[in-house]
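Residue-level structural notes
So you can see what is in the structure, the chains are spelled out below.
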Amino acid sequence: MTNGFPSGFTWGAATASYQVEGAINADGRGPSIWDTFANTPGTIADGSTGDVAVDHYHRFADDIRMLADLGLTAYRFSIAWPRIMPTGTVNQPGLDFYRRLAETCLANGMTPYATLYHWDLPQPLEDAGGWLVRDTAERFRDYAAVTHDALSDVVKHWMTLNEPWCSAFLGYGSGEHAPGRTEGTDALKAVHHLLLGHGLALDAIRSEGGSYGIALNPAPIHAATDSPADRDAARRIDGLRNRLFLEPLLSGQYPADVLEDTGMSDWFAAQEADLPLIGAPLDFLGVNYYCPTTVAAPDGPISTPRASDQPGSENVVAVDPGLPKTQMGWSVQASGLRDILVSINKLAPELPLYVTENGSAYPDVVTADGQVEDDERLDYLRQHVAVCKDLVTEGFPLKGYFAWSLLDNFEWAWGYSRRFGIVYVDYATQQRIVKKSGRWLQDFVG
Ligand code: GBH
């Protein structure tokens, strides 16, 4: 191939149900924790919700055709649990929707990659304790089994969870995401129940002819200086962000230092019997990469312990490494993608990896002639794709790349105030405009 990638490399774009679908009351869908959260005043920057989002529920066929026109070969979407099992019993119209979506992918030459959980927990399960209770993991297994049974003839690539770090630490630690709880170290219980849910689901759905994995959001963690305190801060944050997920999944063990830092060693010891299930072999690992993180531990006692997405490390602060930043304030460093993929490959040398999300937010504007000239996003994309190219050229087991996102969409706590799409959406009219970055990707993969 002229672009340097092997012809079998998967090129795709990704979305998530609550961020794009809208149609929250259609065809028997029940409420999720994101409906509740977004409708709670003060939670979303622009006061918006996913009620309508980008109306993908009704426009998916056009959106998939557009994706195919861009020359991409795969679509990563997520399945909304509250459409399939809104209250614990199966809602057939929900399954029918995803069958239509998957069949539309196939009819357009696109391979569907389905994620079973991209953060939209049915509200009744949150009311029963959410990810703080073990029962939710078992309900996830039931939902995964029903969904896989119904769709496995048309969907062959499955991911259980998307970024359980976010579900646990932003949902139950900092409260920045739904359900907005701030349970401190109890967020660690959510980590375990999410991973258990992954293991139970995988065990229930794994079958011949399918390919099964999970998408994580690992990232390189750097110490601001070489001081022992800063290096220890980096160890702790690397523990929470990376090792707490990678080690049980890839090696069947939790990192002991993280459990000690968080005071949770005894609680985790009591869950040890779950580890073989959590550590069962994966067919692939999805890596969502946006930016590296630099941390420090300033001198002195913690004055006001706060609700935290970093339990056991409340004195650790993020430090600006002086790199260019996106509109999210996230540092741009494409070499970080290489670093994180290489470090995962060291843990599991044979495991196929995918970049299941990579992208950036910038304040796009539509020009007078109806174009979106997003040169910064184009540059971000180009740099990260170049890293992937170097890796595959070296024989590294990287199998695909998915841009986040196909469409501008509901960016969680930021609502519609941050745009990640390679396709612009005019929210007033729902009109789609392929951005310059999308055209660049089209030329590149073409
Ligand atoms: C993904 O989450 C989600 O899967 C997707 O739904 C979402 O729309 C997309 O990213 C864009 O946000 O403190 O500077 O080190 C990514 C969430 C982003 C969480 C980076 C950790 C660290 C920023 N991650 N963030 S920093």
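- The name an unreviewed UniProt entry gives the protein chain is Beta-glucosidase, with Kribbella karoonensis as the organism.
- Reading the Sequence similarities (unreviewed entry) entry of the UniProt record for the protein chain gives the comment "Belongs to the glycosyl hydrolase 1 family."
- The annotation that UniProt attaches to the protein chain under Catalytic activity (unreviewed entry) is "Hydrolysis of terminal, non-reducing beta-D-glucosyl residues with release of beta-D-glucose."

1. Considering the sheet that holds strand 5 (residues 211-216)
- With parallel pairing, eight strands are arranged side by side around a closed barrel as 1-2-3-4-5-7-10-11. Averaged over all pairs of adjacent strands, the angle between their axes in this sheet comes to 25°, without regard to strand direction.
- Where strand 2 (residues 74-78) lies against strand 3 (residues 111-117), five bridges are found, and the strand directions are parallel. Among the inter-strand pairings, Arg76 is bridged to a residue of strand 3, identified as Tyr113.

2. Observations concerning the sheet that holds strand 6 (residues 221-223)
- Here we have three strands laid out as an open sheet, ordered 6-8-9, and mixed in their pairing. In this open sheet, the two edge strands, each paired with only one partner strand, are strand 6 and strand 9 (317-318).
- Pairing of strand 8 (residues 293-296) with strand 9, which is carried by two bridges, proceeds in the antiparallel orientation. Among the inter-strand pairings, Ala296 is bridged to a residue of strand 9, identified as Val317.
- Here helix 10 (residues 228-251) sits on the sheet and contacts strand 6 and strand 8; the angle it forms with strand 6, its principal contact strand, is near 170°.

3. Focus on the site of the ligand
- Around the ligand, the structure places 18 residues, and the nearest of them are Gln19, Glu163, Thr293, Glu411 and Trp412.
- At a separation of 2.9 Å, an oxygen atom of the ligand approaches a polar side-chain atom of Glu357.
- Interatomic distance of 2.8 Å between a side-chain N/O atom of Trp412 and an oxygen atom of the ligand.
- Relative to its unbound accessible surface of 590 Å², the ligand loses 84% to contact with the protein.
- Broken down by class, the residue content of the shell around the ligand amounts to nine nonpolar, five polar and four charged.

4. Examining the pairing of strand 7 (residues 284-288)
- In terms of burial, strand 7 is a largely internal element, five of the five residues being buried.
- Every second residue of strand 7 is oriented toward a common face, with Phe284, Gly286 and Asn288 on one face and Leu285 and Val287 on the other, all of them buried.
- Note that strand 5 and strand 7 share four bridges and pair parallel. The residue of strand 7 that forms the bridge with Leu216 is Val287.

5. Some thoughts on the side chain of Ser331
- With respect to the helices, strands and loops of the structure, Ser331 is situated in the loop between strand 9 and helix 14 (335-347).
- Once residues lying within four places of it in the same chain are set aside, the contact partners of Ser331 are Tyr290, Cys291, Pro292, Pro321, Leu323, Pro324 and Lys325.

6. Thoughts on the packing of helix 10 against helix 14
- Where helix 10 contacts helix 14, the two axes come as close as 11 Å, and the packing angle between them is 35°. The handedness of the crossing between helix 10 and helix 14 is right-handed. For the pair helix 10 and helix 14, contact is made by Asn242, Leu246 and Leu250 and by Ile340, Ile344 and Leu347, respectively.
- For the contact of helix 10 with helix 14, the residue count by class is five nonpolar, one polar and no charged.

7. A short note on helix 14
- Spanning 13 residues, helix 14 covers 19 Å between terminal C-alpha atoms, matching the ideal 18 Å at 1.5 Å per step.
- Among all positions in helix 14, only Gly336, Leu337, Ile340, Leu341, Ile344 and Asn345 are buried.
- Elements in contact with the buried residues of helix 14: helix 10, strand 7, strand 10 (353-357), helix 15 (375-393) and strand 11 (398-404).

8. A short note on the pairing of strand 2
- Of all five residues making up strand 2, five are buried, and the element is well covered by its neighbours.
- Neither face of strand 2 is open: one carries Ala74, Arg76 and Ser78, the other Tyr75 and Phe77, and all of them are buried.
- The pairing of strand 1 (residues 10-14) with strand 2 spans three bridges and is parallel. Across the sheet, residue Ala13 finds its bridge partner in strand 2, namely Tyr75.

9. Points about the nonpolar core
- Core analysis: the biggest nonpolar cluster contains 127 residues, and Trp11, Trp34, Leu72, Leu244 and Leu285 have the highest contact counts within it.
- In terms of residue count, helix 9 (residues 187-205) provides more of this core than any other element does, nine residues in total.
- Other than its neighbours up to four places away in sequence, Leu244 contacts Phe169, Leu188, Val191, Leu195, Gly239, Tyr254, Pro255, Val258 and Leu259.
- Among the nonpolar cores identified, the runner-up in size contains 18 residues, and Ala74, Tyr290, Val332 and Trp404 belong to it.

10. Comments concerning the pattern of salt bridges
- Evaluation of the coordinates by the stated rule reveals 34 salt bridges.
- For Asp142, the salt bridge goes to Arg141, with nearest N and O atoms at 3.1 Å.
- Assessed through its relative accessible area of 25%, Asp142 is described here as partly exposed.
- Close ionic contact of Arg377 with Asp374 constitutes a salt bridge, the shortest N to O distance being 2.9 Å. Assigned by exposure class, Arg377 and Asp374 land together as buried.
- A cluster of three or more residues bridged by salt bridges with shared partners is formed by Asp232, Arg235, Arg236, Asp238, Arg243, Asp257 and Asp261.

Definitions and cut-offs
Residues numbered from 1 in each chain as written. Predicted model: local features only at pLDDT ≥ 70, side-chain atom pairs only at ≥ 80, totals over all residues. Heavy atoms only, no water. UniProt positions renumbered as here; feature names shortened; annotations may be inferred. Pairing = 2+ DSSP bridges. Helix = DSSP H or I, 4+ residues; strand = E, 2+ residues; numbered from the N terminus. Axes fitted to C-alpha atoms, helices over the stretch in contact; angles between N-to-C directions. Contact = heavy atoms within 4.5 Å. Near = heavy atom within 4 Å. Polar contact = N/O pair within 3.5 Å; in protein donor to acceptor, adjacent residues only side chain to side chain. Areas by Shrake-Rupley, 256 points an atom, 1.4 Å probe, with all protein chains shown as cover. Nonpolar A, V, L, I, M, F, W, Y, C, P; charged D, E, K, R; others polar. Buried < 20%, exposed > 50% of the residue type's maximum accessible area, 1.4 Å probe, protein only. Left-handed = near helix turned anticlockwise from the far one by under 90°. Expected span 1.5 Å × (residues − 1). Core = buried A, V, L, I, M, F, W, Y, C linked by side-chain atoms within 4.5 Å. Salt bridge = Lys/Arg side-chain N within 4 Å of Asp/Glu carboxyl O.

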